[in-house]
Amino acid sequence: MWTPDNTSIWRPQNVLAVWSRGLEINATHQFTIKKCNVQYTVLYTYLKSTNEKVNAAMINALHQQLIYTPSHQASLNLDASYKQWQVIYNAQWVSNRFTSSDNNQALPWYTAANLQIRKNANWKKQSITIAAGINNIFNQNYQVIAFRPMPLRNYFLSFNFLLHRQTQKLKI
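Because the structure is predicted, anything quoted here is derived from the model rather than measured.

Colleague: Sorry if this is basic, but what is going on with the overall build of the chain here?
Modeller: Secondary structure assignment for the chain yields zero helices and 13 strands. When its helices and strands are written in sequence order, the chain yields β-β-β-β-β-β-β-β-β-β-β-β-β. The C-alpha radius of gyration computed for the chain amounts to 22 Å, which surpasses the reference 16 Å derived for 172 residues by more than 25%, pointing to a less compact arrangement than a globule. Taken along the three principal axes of its C-alpha coordinates, the chain extends 65 × 55 × 30 Å. Out of the 172 residues belonging to the chain, those deemed buried represent 24%. For the chain, the share of sequence-separated contacts (at least 6 apart) that also reach a separation of at least 24 residues comes to 51%. Accessible surface computed for the chain: about 12,400 Å², of which carbon and sulfur atoms make up 57%. Here the chain carries 17 positive and 5 negative side-chain charges, and the mean point of each set is 23 Å from the other.

Colleague: Is there a simple way to explain the side chain of serine 49 in this structure?
Modeller: If you trace the backbone, serine 49 turns up in strand β4 (residues 36–54). Beyond its immediate sequence surroundings of up to four residues, serine 49 is in contact with Val18, Trp19, Ser20, Gln64, Gln65, Leu66 and Thr69.

Colleague: What exactly am I supposed to notice about the confidence of the model for the chain here?
Modeller: Close inspection of predicted coordinates is inappropriate for parts of the model with low pLDDT. Looking at the chain, pLDDT values average 90 and 94% of them are 70 or higher. Mean pLDDT values over the elements of the chain span from 72, in strand β1 (residues 2–4), up to 98, in strand β6 (residues 85–94).

Colleague: It is not clear to me how the packing of aromatic side chains should be interpreted in this structure. Could you clarify?
Modeller: Here a ring pair, both rings aromatic, is described through the centre-centre distance and the interplanar angle of the planes. Overall, the coordinates contain three aromatic pairs when judged by the stated rule. Ring plane angle 65 degrees and centroid distance 6.5 Å describe the contact between phenylalanine 31 and tyrosine 40, whose orientation is recorded as edge-to-face. Each ring, one from tryptophan 93 and one from tryptophan 109, has its centre 6.5 Å from the other, and the planes form 50 degrees; the classification is tilted. With a gap of 16 residues between them, tryptophan 93 in strand β6 and tryptophan 109 in the loop between β8 (106–107) and β9 (110–123) connect regions that are remote in the sequence. Assessed through its relative accessible area of 30%, tryptophan 93 is described here as partly exposed. The ring of tryptophan 19 is capped by arginine 21, whose NZ or CZ atom sits 3.7 Å from the centre of that ring.

Colleague: Help me out: how do you make sense of unusual backbone geometry in this one?
Modeller: If a residue is not glycine, its phi is most likely negative; likewise, a peptide bond is most likely trans. One non-glycine residue with positive phi stands out, namely lysine 83, at about 50 degrees. Position of lysine 83 relative to the elements: it lies in the loop between β5 (72–82) and β6. Residue phenylalanine 147 is not a glycine yet carries a positive backbone phi of 65 degrees. The exposure class assigned to phenylalanine 147 is exposed, which follows from its relative accessible area of 73%.

Colleague: Where do I start with the environment of glutamine 116 in this structure?
Modeller: With respect to the helices, strands and loops of the structure, glutamine 116 is situated in strand β9. For the pair glutamine 116 and lysine 35, spaced 81 residues apart in sequence, the C-alpha separation works out to 20 Å. Beyond its immediate chain neighbours, meaning those up to four positions away, glutamine 116 contacts Gln86, Val87, Ile88, Ala131, Ala132, Gly133 and Phe156. Of note is the side chain of glutamine 116, whose polar atom sits 2.6 Å from the side chain of arginine 118.

Colleague: Explain the pairing of β6 here, please?
Modeller: Here ten bridges tie β5 to β6, and the two strands are oriented antiparallel to one another. Within β6, the residue paired with alanine 80 across the bridge is valine 87. Between the end of β5 and the start of β6, which pair antiparallel, lie two residues, with lysine 83 showing a positive phi angle near 50 degrees. Pairing analysis gives ten bridges linking β6 to β9, with the strands arranged antiparallel. Looking at the pairing, valine 94 lines up with tyrosine 110 of β9.

The rules behind these values
- Residues numbered from 1 in each chain as written.
- Predicted model: local features only at pLDDT ≥ 70, side-chain atom pairs only at ≥ 80, totals over all residues.
- Heavy atoms only, no water.
- Helix = DSSP H or I, 4+ residues; strand = E, 2+ residues; numbered from the N terminus.
- Rg over C-alpha atoms; globule rule 2.2 N^0.38 Å.
- Buried < 20%, exposed > 50% of the residue type's maximum accessible area, 1.4 Å probe, protein only.
- Contact = heavy atoms within 4.5 Å.
- Areas by Shrake-Rupley, 256 points an atom, 1.4 Å probe, with all protein chains shown as cover.
- Lys, Arg positive; Asp, Glu negative; His and termini not counted.
- Charge placed at Lys NZ, Arg CZ, Asp CG, Glu CD.
- pLDDT = per-residue confidence, 0-100.
- Phe/Tyr/Trp six-rings, centres within 6.5 Å; stacked < 30°, edge-to-face > 60°.
- Lys NZ or Arg CZ within 6 Å of the ring centre and 35° of its normal.
- Polar contact = N/O pair within 3.5 Å; in protein donor to acceptor, adjacent residues only side chain to side chain.
- Pairing = 2+ DSSP bridges.

This is the structure:
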């Protein structure tokens, strides 16, 4: 198992046995309002992942949750499309994550949400997608890994140009 030492350098430690069990619930629903297609997905995960057999140096980690493995996670994805326009919203909630093998130190839970709008266009055999969005729209201050803060609210603009080429079979 890779864990950070007291200098924040990640090093492997021998874990003899881990027991991972959990539950995942996923619900998706799609419907149409006039000419707008809407789809939402809700996902919840419960994960208990513990050290069940450790070496003598890691005895405090016995029966403890693995580091950086949240017990609870939930997400919501909303996708609405009309003609060649698409709006996507996603949000996630992540429970606290332990940062020490003995489970005495943890990062707090966090939520993060993103919003994106896309326009798709096709011309002959080519397609272009233009997208703009906001990441971390609620400007949350959080860390996925200790001492490595995630960016606050940020914006993006992207262009994706796809060439469709016909494939030809080679005659041998």
